[in-house]
Amino acid sequence: MKREQLFTVIGDIDDRYIAEAFRYAPEAAAASPERKANMKPKRILTLALAAALILALGVTAYASGWFGLSTRMIETEIPDFGSSTPDVTPAPGGFVASNGEADSPEAQASLAWAKAEERYRQADWDWKAVDAWTAQQEDPACEIYHCYNQEMLDTLHGIAEEYGLRLHSEVAYPMTQEQFKQVTGLGDFLRGEDNFWQGHYIFEDGSFKGEGELALEGGRLVFTLQRSRAGVLAPYGMYVRDPVSYDEWQISQDGHSLNLALRQNDTGFDGLIFFHEGEDFITLSYGAQFVPGTPAEFGREGAEAVAACFDFDALCGGEPDLDAVNGRTVAPVKPKEGLMSTADFAETPEYQAASRFHSAYNEYYDARQTDDWFVKGQYMQEYYAPFPTGVEELDAVLQELQGQYALHFPTSVRAINFGSWARPEWLTSLMSYRVPEGATKEDFHLGEATEEETWALLGVENFLRSEESYLASAVAWDTGAWQALIVYGSTSYELCYVPKGSFCPTVRAFLHPGAESWAYETACGEQVSLTVDGEMEYPRFTTPLGLYETDTAYVLLQFPGMCSAADLQLFADNIDFTKFS
Amino acid sequence: MEDSEIIALFYERSEQAIVELNRKYGTAVKKTAANILNDRLDVEECANDTYLGVWNTIPPQNPKPLVSYVCRIARNLAAKKYHARRAAKRNSAFDAVLDELEECIPAPVNLEAEYEAKELSAAISRFLGTLSYEDRFFFVRRYFYADSVSDIAAMTQGKSHRISVRLFRTREKLHQYLTEEGLLT
């Protein structure tokens, strides 16, 4: 059964039970017949004593420093992260900073900032005002520490100053594992071929955070990995609930001492690994999702298997080089004879007709939005339904275009969306869809689609060069035109194939049609023309484009939004353009 | 404000309806969305979409209880946004909720017919009626609201491990119940 179907089935349970669970009523629990039937007075007393004993042992153990978590954790109340029972007593627990022992200025400052952030998080923000303010800020701390106004920024600086710490001054967002290695100076630290890691961001001092998956016996395990360094106010820490429930111990691995913590639940576990060497603090957290269908017996052996997946030596050191990502530059080459520029493409009937329809559709869509939160003028909606549209004003545009341009207009369309055949007319982009009134989400999916079927829909061999990328979604028209969503590392972009003489409705209009483009030699040896389409004009995004021309078609690399020239080159390098005819 | 008064404001098409709805259930809406979505801005967007959904459907709807109606909309919108953006963002906690559900209903069930989905929902509702208050509370918080076990423990002043074990046993009972009802092969 599809997971999404299960989620929907649960969503349709009796309203009474949904309402009943809105707020916990201890008196109802006490009155529950089942509870009364199972509990005998003598046993209650015994359990109460046992619970008190266990709690006392736990407190004693923490006080004596038996467990590694105690040296890192500051006892504090866990804040209410928007619980639906706001009157619940905040949970006891602790805060673990990513770069210091509990009594260090790093840990104290990190907690102070987390508490301040929590207060600000609960406020009602005018997000348009926040966007406008952050766009004007040059202090990199705004972005790194998620400051929404001057008061937050001043609070942040005040905390850093109070504890004698500096703030991070630069961040890079590696999109691929290859970029992560370049920017951290680290080699492979993850053992095992089927294990996966994606570094999300790295700071100027080499601190970083990311996520990954481990393939262990019986299942896959998701983990979060942080490396932080002393002397800085780290922008992330971790709350730990009910720390006494953890089993904690130390192991020796590769000549290093690791502190492990683990607690079981019925589907798996949640665990922590702490390692400290020199100025590097490594925190690994992982949780549940293990051996579906059986109770988890993970235990210490499993936790140590997790630890064994990492070479902790290889996680330390390294010379960070954020320029490897942030310092990438445009690399133009001399255009080969006959290379079509993006400005030339803007003169073609294929671009003229399609971009006019794309704009008309977005203007039609925007005119019908009446909510305050909807930002008009972004031109981010896509039309995937059949033609004619059935909408008078849009079909009028189509008729005009059909009269003006001798193009082959599509009459049918098919779509595959994240592994299932789907209704293209419900798609609003390659990543999202809208369910019409009266229909259900399940009606969108028309059956499973394999990777082979997805490539067959496009009618082309696999053109992706990196093992870190895959084809996620595709729409194909009966004209031979198609549009595909490519996931590459932590990002995604689109490739559009437009046979010459055909109309493809997803070709977007440039914001700056005369914007400069450059010739770029891609990794496959073919030249393309690239343009980032100038500066954004809020709210309208630019249309970064990569253009490759064959004898019979245009291949368009489109990024929905803004991207840098260097990223556009990276995306182009991921495509083997020799596969297109 | 009572639910009936809030619904009356919707019927009057008064914008105060949204204000009162947010005041009473805004935290629940955001919590439900946040359990599924990993991104603060996505949660805000989902909350706004939820209020829009309620505004567009009341009237003619006159839901009782209102909280179930609102949270169901928030839940569905959050799940939709999650699946739409899962290429870029994952929420392992939400994936864990789906995995647990899949675990207790592993046999293939034909859900292409809408009535079979509703039949399964009704059977699960009947099953929930056989449970103690606490087991039912744990189940609905975990699988409807997608709360983490830790959050449920915080709400109930309980221990995470105990709640996890109770959920596991409830799922075993659900599997047996659905098998006896003839809904699982």
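For the structure, see preceding data.
Cut-offs and rules
Residues numbered from 1 in each chain as written. Chains lettered and ligands numbered in written order. Predicted model: local features only at pLDDT ≥ 70, side-chain atom pairs only at ≥ 80, totals over all residues. Heavy atoms only, no water. Helix = DSSP H or I, 4+ residues; strand = E, 2+ residues; numbered from the N terminus. Buried < 20%, exposed > 50% of the residue type's maximum accessible area, 1.4 Å probe, protein only. Contact = heavy atoms within 4.5 Å. Pairing = 2+ DSSP bridges. Polar contact = N/O pair within 3.5 Å; in protein donor to acceptor, adjacent residues only side chain to side chain. Axes fitted to C-alpha atoms, helices over the stretch in contact; angles between N-to-C directions. Parallel < 35°, antiparallel > 145°, perpendicular 65-115°, else oblique. Left-handed = near helix turned anticlockwise from the far one by under 90°. Nonpolar A, V, L, I, M, F, W, Y, C, P; charged D, E, K, R; others polar. Salt bridge = Lys/Arg side-chain N within 4 Å of Asp/Glu carboxyl O.

> Outline the overall build of chain B, listing residues and values.
Helix and strand counts for chain B come out as nine helices and zero strands. Seen in sequence order, chain B has helices and strands lined up from the N terminus as α-α-α-α-α-α-α-α-α. Burial status across chain B gives 58% buried among its 185 residues. Across chain B, contacts joining residues at least 24 apart in sequence account for 64% of those joining residues at least 6 apart.

> Outline the pairing of strand β22 (residues 545–549) of chain A, supporting the account with residue identities and numerical values.
Residue and element names in this part refer to chain A. By the criterion of burial, β22 is predominantly enclosed, with four of the five residues buried. In this structure, β22 lies alongside strand β23 (residues 553–558), joined through five bridges in antiparallel fashion. Bridge pairing in β23 places L547 opposite L556.

> For the side chain of Q483 of chain A, give the residues involved together with the corresponding values.
Residues and elements named next belong to chain A. Mapped onto the secondary structure, Q483 falls in strand β18 (residues 482–488). Residue Q483 is classed as buried on the basis of its relative accessible area of 0%. At a separation of 3.1 Å, a polar atom in the side chain of Q483 contacts the side chain of E494. If we skip the residues at most four places from it in the chain, Q483 touches Y384, L430, S473, A474, V475, W477, E494, L495, C496, T506, R508 and Q558.

> Kindly report on the packing of helix α7 (residues 133–143) of chain B against helix α8 (residues 149–156) of chain B, identifying the contributing residues and their values.
All names here are of chain B. Their axes nearest at 10 Å, the elements α7 and α8 cross at an angle of 140°. Accordingly, the angle class assigned to the pair α7 and α8 is oblique. Helix-helix and strand crossings are classified by hand; for α7 and α8 the assignment is right-handed. Contact residues: α7 offers F137, F138, R141 and R142, while α8 offers V149, I152, M155 and T156. By residue class, the composition of the contact of α7 with α8 is five nonpolar, one polar and two charged.

> If you had to explain the pattern of salt bridges to someone new, which residues and values would you point to?
Under the definition given, this model contains 28 salt bridges over all chains. Across the pair R72 of chain B and D15 of chain A runs a salt bridge whose closest N-O atoms are separated by 2.8 Å. Of the two residues, R72 of chain B is situated in helix α4 (residues 66–84) and D15 of chain A in helix α2 (residues 15–20); the pairing between them involves two chains. By relative accessible area, which is 25% here, D15 of chain A ends up partly exposed. One salt bridge in this structure joins D280 of chain A and R229 of chain A, with 2.6 Å as the shortest N-O distance. Remark: R229 of chain A occurs in strand β6 (residues 219–229) and D280 of chain A occurs in strand β11 (residues 280–287); sequence separation between them is 51 residues. The structure contains a network of salt bridges with shared partners spanning R227, R229, E279 and D280 of chain A.

> Got a sec to walk through the environment of E442 of chain A? Specific residues and values, please.
Residues and elements named next belong to chain A. Looking at where E442 falls in the secondary structure, it is placed in the loop between β15 (432–433) and β16 (445–448). Under the relative-accessibility criterion, E442 is labelled partly exposed at 25%. Distance from E442 to Q5, taken between C-alpha atoms, is 7.1 Å for residues 437 residues apart in sequence. Beyond its immediate chain neighbours, meaning those up to four positions away, E442 contacts Q5 and T8.

> Any chance you could break down the environment of C309 of chain A for me, citing the residues and the numbers?
Residues and elements named next belong to chain A. Topologically, C309 is positioned in the loop between α12 (299–308) and α13 (323–326). Residue classification places C309 among the buried positions, given a relative accessible area of 9%. C-alpha separation for the pair C309 and L214, spaced 95 residues apart in sequence, amounts to 7.9 Å. Contact partners of C309, with chain neighbours within four places excluded, come to F189, L190, R191, N195, L214 and L216.

> Residue-level account of the pairing of β18 of chain A, with values.
All names here are of chain A. Counting buried residues along β18, seven of its seven residues qualify, which places the element largely inside the surrounding structure. Here β18 shows a buried face lined by W482, A484, I486 and Y488 and a second buried face lined by Q483, L485 and V487. Note that strand β17 (residues 469–477) and β18 share seven bridges and pair antiparallel. Within β18, the residue paired with A474 across the bridge is A484. The turn joining β17 and β18, which pair antiparallel and follow one another in sequence, is formed by four residues; a positive phi near 95° is taken by G480. Relative to strand β19 (residues 491–499), β18 runs antiparallel, the two sharing seven bridges. Residue pairing in the sheet places Y488 in a bridge with T491 of β19. Where β18 hands over to β19, the hairpin turn is made up of two residues, of which G489 adopts a positive phi near 60°.

Such coordinate-based values are descriptive only and should not be taken to indicate function.
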